[in-house]
Amino acid sequence: MLEQLLIFTRGGLILWTCKEIGNALKGSPIDTLIRSCLLEERSGEVSFNYGAYTLKWTFHNELGLVFVAVYQKILQLLYVDDLLSIVKQSFSEMYDPKRMRYDDFEETFRQLSVEAEARAEEMKRTKQVAKPLNGVKKQGQVSKEETKKSNGEKKDDGDKVSVLSNGNHKMEDDVANGKENSADNNNNNSVGVDVSKLAKLRSKGVRGRGGLRKADSLGSNKGSSKVVEPPKKATKKNRVWDDAAAAPKQEEEKLDFTDENGDNGHVDVVAAADQGESMMDKEEVFSSDSESEDDDDDEPRSDEKPEAKKKGWFSSVFQSITGKANLERTDLEPALKALKERLMTKNVAEEIAEKLCESVEASLEGKKLASFTRISSTVQGAMEDALIRILTPRRSIDIMRDVHAAKEQRRPYVVVFVGVNGVGKSTNLAKVAYWLQQHKVSVMMAACDTFRSGAVEQLRTHARRLQIPIFEKGYEKDPAVVAKEAIQEATRNGSDVVLVDTAGRMQDNEPLMRALSKLINLNKPDLVLFVGEALVGNDAVDQLSKFNQKLSDLSTSGNTRLIDGILLTKFDTIDDKVGAALSMVYISGAPVMFVGCGQSYTDLKKLNVKAIVKTLLK
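Residues numbered from 1 in each chain as written. Predicted model: local features only at pLDDT ≥ 70, side-chain atom pairs only at ≥ 80, totals over all residues. Heavy atoms only, no water.

Q: Quick one: what's the story with the pattern of salt bridges, residue by residue and with numbers?
A: This structure, assessed with the given rule, holds 27 salt bridges. Glu365 is paired through a salt bridge with Arg329; the nearest N and O atoms lie 3.4 Å apart. Within this pair, whereas Glu365 is found in the loop between α10 (350-364) and α11 (375-391), its partner Arg329 is found in helix α9 (residues 329-345), the two being separated by 36 residues in sequence. Owing to a relative accessible area of 44%, Arg329 belongs among the partly exposed residues under this scheme. Lys346 is paired through a salt bridge with Asp576; the nearest N and O atoms lie 2.8 Å apart. Here the residue Lys346 occupies a position in the loop between α9 and α10, and Asp576 occupies one in the loop between β13 (565-569) and α18 (579-588), the gap between them amounting to 230 residues. The class of Lys346 is buried, set by a relative accessible area of 7%. (Salt bridge = Lys/Arg side-chain N within 4 Å of Asp/Glu carboxyl O. Helix = DSSP H or I, 4+ residues; strand = E, 2+ residues; numbered from the N terminus. Buried < 20%, exposed > 50% of the residue type's maximum accessible area, 1.4 Å probe, protein only.)

Structure follows, in structure tokens:
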């Protein structure tokens, strides 16, 4: 039985709720559905689970109405989709934008609910009756075939495929149904393979592309076939640099980055200010070639196969002028399919691209196409708006504002960097530290990667070059305890920010994920940054979803901490394959706060949402 059924506008105005089933819901499933699904372009999904409830919905895009049904998750209600469909149809006929109350719809809904439940029961009974009948029929067919085999009858419909020893398939048509076995054997022997010759050829190892050579397998031209040895691969010679010996001494010194002081604890002479201004504080001007392009993408490409046109040229032009009555799913499918393939070529995960297209389809289906507008441009415009909404942060995370707020409370602002192996956590931690230094913020590094060899030394080198204090306890220590002591030390020394470096770990590594959960639960950091590569595609979905799932499952406190923000690394190596940013934001709901785009400390910038969207749709 339904727990609730609501009809409201896209602006949030509730028009009607069923009074008979208006049960009090635990929590706020409707609000959560709007925040987590409808506003995040997940409206193409089949259902949404919230606690003990399952929610299903449908839209009337032309009128801007939303129909939502709520029922218990343990119940398998087969009539909900049908009920929502007929309720939408009936309510849209009586809808008036100026009207605010629809009390007379109560009786109509009661009749529609009874009809939907009756249809569901009838379908259920039909399926139960059809199952045993199908089983009896199959048993009869098997017994009939066994009877034919016992009587020695043989009947083949269509073609018979005989597989030769060389791996090729030969199609032989049966001339009559009443053939004898001896006749079949004679026909097979006429094109068959001599077993003795076949054994000899196999022992010699003579094979063609699909197995034995056809000429040898058929026994013809025995002496003419020769064994062709595969050509030897040309070995690549080592490149000889002729100018290497004559390289000037100044160039050798320029390429030598060896630290003359070594690890004797002295501060590096190179000051951090020599690196210049961080790219985080520079306004990026985006000029995309896609802005000057015409609507060439709307035209069919020359390499695509021409499909059968349902409408002529004149009718399509007339439709673009007058506008289409209502967009249907069949009208949107070609444009959405092309858009999905385009997103996947930009390294967007297939699952995310499919969900986005389903969401756009749900938002456009039933809408009226405007005059002088093509379906493809309408779909692309809707997708562009959806991408901007997804990539734009839902909540503002201003690190500098939060740092000053924590400073007023006389405590340090703690940032924990997490992620998989080899993505550049330590390097980008140093970039963030350099950016904070530019804003006159005192920073302390905490070397909590006590697992990987050389991790402490790597962070110590960054700290020395940036002239930043570092807290370290060596290796094989509990990282949660090291982070706690580092925060205590920063509080005594008056440091404004503590940047905690953690060990890289795969999302399936249970012991390391448990240690990370302990570190976060014990120290309660202000910000948990997930550091991920911009090179990944489908793996981004798996990494972030499992990181959040593990942090939620292993949390020991009531307030579960998940990923708060994303730092994308190696963004300068991906050209236009920017889909990882979209995949990560969509699956986690966390914003991209930093983008690493180089090897120096200044190569850290903000995510340009408009540039990413233009690149994805270009």
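Here the narrative resumes.
Q: Just give me the short version of the packing of aromatic side chains, but keep the residues and values in it.
A: Scanning the entire structure with this criterion turns up 10 aromatic pairs. With a centroid separation of 6.3 Å and an interplanar angle of 35 degrees, the aromatic rings of Phe91 and Tyr95 are classed as tilted. Each of the two residues, Phe91 as well as Tyr95, counts as buried. An aromatic cluster is present here, built from Trp16, Phe67, Phe91, Tyr95, Tyr102, Phe105 and Phe109 joined pairwise through their rings. (Phe/Tyr/Trp six-rings, centres within 6.5 Å; stacked < 30°, edge-to-face > 60°.)

Q: Give me the lowdown on the confidence of the model for the protein chain, citing residues and values where you can.
A: Any segment with low pLDDT has predicted coordinates that should not be analysed in fine detail. Put simply, the protein chain has an average pLDDT of 75, and 67% of its residues get 70 or more. Of all secondary-structure elements in the protein chain, the lowest mean pLDDT belongs to strand β6 (residues 159-163), at 40, while strand β11 (residues 497-501) reaches the highest, 96. Counted against residues more than four places away or in other chains, residues 133-193, with its pLDDT under 50, gives 44 contacts. (pLDDT = per-residue confidence, 0-100. Contact = heavy atoms within 4.5 Å.)

Q: So, the pairing of β13: which residues are in play, and what are the values?
A: The buried fraction of β13 amounts to 5 of the 5 residues, a majority that puts the element mostly inside the structure. Burial of the side chains of β13 extends over both faces: Gly565, Leu567 and Thr569 are buried on one face and Ile566 and Leu568 on the other. Relative to strand β14 (residues 592-596), β13 runs parallel, the two sharing 3 bridges. Across the sheet, Ile566 pairs through a bridge with Val592, a residue of β14. Viewed along the sheet, the connection from β13 through α18 into β14 turns out right-handed. (Pairing = 2+ DSSP bridges. Right-handed = clockwise from strand over helix to strand, strands pointing away.)

Q: Tell me what's going on with helix α13 (residues 425-438), and back it up with residues and numbers.
A: Between its terminal C-alpha atoms α13 stretches 20 Å, which fits the 20 Å expected from 14 residues at 1.5 Å a residue. What α13 keeps buried is the set Lys425, Ser426, Asn428, Leu429, Ala430, Lys431, Val432, Ala433, Tyr434, Trp435 and Leu436. After α13 finishes, the residue Lys440 shows a positive phi value of roughly 60 degrees. (Expected span 1.5 Å × (residues − 1).)

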